[in-house]
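# Structural overview
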Amino acid sequence: MAMTLSHRHPERPYELPGEMLGDKQLAQHERWQQAGVLALVGIGVEPGLSDIFARYAADELFESLSEVGVRDGANLQVEGYEFAPTFSIWTTIEECLNPPLIWERGRGFYTTAPFSEPEFFDFPRGSAASNA
């Protein structure tokens, strides 16, 4: 099931979220719960399948986790095109232009200006077999 698009906060887009992605679907939670049904809305690879992997890792592979970060990347090439997104171009544009939505325990949701906070990625070297 698709989700409704997000909209920036009208006065403070780099501090507060406006209408968040899927707000209209998530507002139905109580109704669905009372009806005894489970709604999986907007489930895709990330978030979605990656959430399932993270839950499995937390429950089965580690004693404790302090953070899970999901990053998406690819080197898709379509001959004759400079740019070939693997999903909705409108979603791609929205994800690049909207202020990032951040959630922290104790603070809740907030936003910042796009690309305003650095992110660091420590990638493991892997085994010799995986580098071949």
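As a reminder, the structure under discussion sits directly above these lines.
Residues numbered from 1 in each chain as written. Predicted model: local features only at pLDDT ≥ 70, side-chain atom pairs only at ≥ 80, totals over all residues. Heavy atoms only, no water.

### Here's the deal with the pairing of strand β2 (residues 108-111)
Here strand β1 (residues 101-104) pairs with β2 via four bridges, running antiparallel. Paired with Glu 104 across the bridge in β2 is Gly 108. Connecting the antiparallel pair β1 and β2 is a turn made up of three residues, with Gly 106 showing a positive phi of about 90°. (Pairing = 2+ DSSP bridges. Helix = DSSP H or I, 4+ residues; strand = E, 2+ residues; numbered from the N terminus.)

### A look at the pattern of salt bridges
Tallied over the full model, the rule gives three salt bridges. Between Glu 19 and Lys 24 there is a salt bridge; the shortest N-O distance is 3.5 Å. We classify Glu 19 as partly exposed; its relative accessible area is 24%. For Arg 55, the salt bridge identified is with Asp 59, shortest N-O distance 3.0 Å. Of this pair, Arg 55 and Asp 59 are both found in helix α3 (residues 49-61), four residues apart, which corresponds to roughly one turn of the helix. (Salt bridge = Lys/Arg side-chain N within 4 Å of Asp/Glu carboxyl O. Buried < 20%, exposed > 50% of the residue type's maximum accessible area, 1.4 Å probe, protein only.)

### Things to note about the side chain of Ser 50
Position of Ser 50 among the secondary structure elements: in helix α3. According to the relative accessible area criterion, Ser 50 is buried, its value standing at 13%. Non-local contacts of Ser 50, meaning those with residues more than four positions away in its chain, are made with Val 45 and Val 70. (Contact = heavy atoms within 4.5 Å.)

### Remarks on unusual backbone geometry
Glycine aside, the phi torsion of most residues is negative, and most peptide linkages are trans. Unlike most non-glycine residues, Phe 115 shows phi in positive territory, near 60°. For Phe 115, the location among the structural elements is in the segment after β2. Residue Phe 115 is classed as exposed on the basis of its relative accessible area, which comes to 78%.

### What about the packing of aromatic side chains?
Applying the stated criterion across every chain yields a total of zero aromatic pairs. Taking NZ or CZ as reference, Arg 107 lies 3.5 Å from the ring centre of Tyr 110, over its face. (Phe/Tyr/Trp six-rings, centres within 6.5 Å; stacked < 30°, edge-to-face > 60°. Lys NZ or Arg CZ within 6 Å of the ring centre and 35° of its normal.)

### Concerning α3
With 13 residues, α3 extends 17 Å between its outermost C-alpha atoms, agreeing within 8% with the 18 Å of an ideal straight helix rising 1.5 Å per residue. By the burial criterion, the buried members of α3 are Ser 50, Ala 54 and Ala 57. Burial along α3 is one-sided: seen end-on, the buried residues are contained in an arc of 60°. Exposed positions of α3 whose direction lies more than 90 degrees from the buried face are Arg 55 and Glu 60. (Expected span 1.5 Å × (residues − 1). Arc of directions from axis to C-beta.)

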